[in-house]
Amino acid sequence: VNEVRFVLPGSWSALAGSDLSGIACTAATVGQALTWLTQRYPVLAQRIFADDGTIAPWTLVCLGNERVSDTGTPVPALGGELRVIAALMGG
Amino acid sequence: MILVPAGPAMIGSPEAHLDQVTAEQHHARAWFEDETPQHARQIQAFWMDRTPVTNAMFAEFTEATGYLTAAERRGFGLVYGARYWVRQPGACWREPAPDTGALPGRDQHPVVHVDHADAAAYAAWAGKRLPAEDEWEYAAHGPDWSPWPWGAQWNPALANTAEYWAGNAIRDTDRWRAWWTRWFAFRGPLPATTPAGSHSPDGDSPFGLADMAGNVAEWTASPYAAYDPGRACDAGFETAMRHGYRVVRGGSWKHFRYQARTSERIACLPEYSCFDIGFRCAADTPPDDKD
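Nothing here was measured: the structure is a model prediction, and the numbers come from that model. (Residues numbered from 1 in each chain as written. Chains lettered and ligands numbered in written order. Predicted model: local features only at pLDDT ≥ 70, side-chain atom pairs only at ≥ 80, totals over all residues. Heavy atoms only, no water.)

Asker: Sorry, what's going on with the interface of chain A and chain B here?
Answerer: With 26 residues of chain A at the interface, the matching set in chain B holds 30 residues. Between chain A and chain B, a total of about 2500 Å² is buried, with carbon and sulfur atoms accounting for 59% of that surface. If you look at where chain A meets chain B, you find four salt bridges. Here Glu 81 of chain A ties to Arg 242 of chain B by a salt bridge, and the two come within 3.9 Å at their closest N and O atoms. Linking chain A with chain B are nine residue pairs in polar contact (both at pLDDT 80 or more), by the criterion used here. Elements that contribute at least two residues to the side of chain A that touches chain B include exactly helix 3 (45–48), strand 3 (59–63), strand 5 (80–86) and strand 6 (88–89) of chain A. Residue contributions to the side of chain A that touches chain B peak at four residues, all from strand 5 of chain A. Considered class by class, the residues forming the side of chain A that touches chain B number 13 nonpolar, eight polar and five charged. (Contact = heavy atoms within 4.5 Å. Buried area = accessible area lost by both parts, 1.4 Å probe. Salt bridge = Lys/Arg side-chain N within 4 Å of Asp/Glu carboxyl O. Polar contact = N/O pair within 3.5 Å; in protein donor to acceptor, adjacent residues only side chain to side chain. Helix = DSSP H or I, 4+ residues; strand = E, 2+ residues; numbered from the N terminus. Nonpolar A, V, L, I, M, F, W, Y, C, P; charged D, E, K, R; others polar.)

This is the structure in structure tokens:
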């Protein structure tokens, strides 16, 4: 199973009450990685997932440099960097 | 439209101002670092809509072209619900809330639920374009930088922001959420826009442009990029720069005073549309109509 390294907005550390820089997990798919993240930090769940469990339209998820919309997207064997940010950021 | 004369302008925020903002509210300084360094630009003369594009103006466009916005095509709009963003089935510029049409009744309110492509399509139809973000900022504060279009001192009566509706200062998320909870229970997903130009003339910019702070946040033509690529910035903003975000300016009716500052930069996915983002147009040549 492959390592996923998260890159998240700095403001999410304050939300989660924990320093999120450098956190990582192992996962076979993007969905597994995001589920790990939101189970560990439930406050992030509504920022990432819509009610139906899909990636929310107010969120951008990128594996490496590729945008991901399907939670079933596999994580490469060598692992990958998963960037998650809001569709609108600032202020 | 209003002629914005050519001139030098300081773009971005002074360091001392951001120190003050950081001390006043809940976000860390890194959240505002993308406004630095403040730097001089020479802006060429251009024309700019005095107000954001209204529902009536957008209706003319759709009637003439049959254009459907992204929100209309996908069948839902994005609104901030009781606790966070939600999909609102059927919400679009024509019907921002269930059983509440934009026309008639809200004709002179700024159009919302438009993404970047929707805004650019309108601008092209109108023979105009979206403003670049430095043009937008120059138009908001003039040659001399100030944090709000009317000057250095915040005044909640001069702009349609959350504080305008709340009747009290809002400087952190807890206070904002207290206001929003009451507001949403009463108002639901209906945007709290006000007729364009309602805060004129006292809230206008030095060039006479209205609603440059609050009412709707506004799309610009500019990709979101660092003023100084050598400066470290928040990982989230770095991601936005890599993935084609566009700059939105001016803050909206649900924003804090800090988001309605002239040099505040909001990064937004171009295909995103929601109930508090609209736009206004710019042009390089004198327009036929002077609205």
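Here the narrative resumes.
Asker: Sorry, what's going on with the side chain of Arg 265 of chain B here?
Answerer: Among the secondary structure elements, Arg 265 of chain B is positioned in the loop between strand 8 (246–249) and strand 9 (266–268). A polar contact is formed between the side chain of Arg 265 of chain B and the backbone oxygen of Ala 225 of chain B, at a distance of 2.7 Å.

Asker: How should the pattern of salt bridges be read in this particular structure?
Answerer: A side chain with one charge may pair with a side chain of the opposite charge, provided their charged atoms come close. All names here are of chain B. On inspection of all chains with the given rule, the structure shows 25 salt bridges over all chains. Residue Glu 163 is joined to Arg 257 by a salt bridge in which the shortest nitrogen-to-oxygen separation is 2.8 Å. Placement of the pair is Glu 163 in helix 6 (residues 162–166) and Arg 257 in the loop between strand 8 and strand 9, with a sequence separation of 94 residues. Owing to a relative accessible area of 4%, Glu 163 belongs among the buried residues under this scheme. A single salt-bridge network, built from bridges that share partners, covers Glu 15, Asp 19, Arg 29, Glu 33 and Arg 231. (Buried < 20%, exposed > 50% of the residue type's maximum accessible area, 1.4 Å probe, protein only.)

Asker: When you look at the sheet that holds strand 4 (residues 66–67) of chain A in this model, what are you seeing that I'm missing?
Answerer: Each strand in a sheet pairs with its neighbour through backbone hydrogen bonds, running either in the same direction (parallel) or in the opposite one (antiparallel). Strand order in this open sheet of five strands is 2-1-5-3-4 (chain A), and the pairing throughout is mixed. In this open sheet, the two edge strands, each paired with only one partner strand, are strand 2 (24–27) and strand 4 of chain A. Of the pairings in the sheet, the one linking strand 1 (residues 2–7) of chain A to strand 2 of chain A comprises four bridges and is antiparallel in character. Within strand 2 of chain A, the position partnered with Asn 2 of chain A by the bridge is Ala 27 of chain A. Running over the sheet, helix 8 (residues 235–242) of chain B touches strand 1, strand 3 and strand 5 of chain A and is turned about 95° from strand 5 of chain A. (Pairing = 2+ DSSP bridges. Axes fitted to C-alpha atoms, helices over the stretch in contact; angles between N-to-C directions.)

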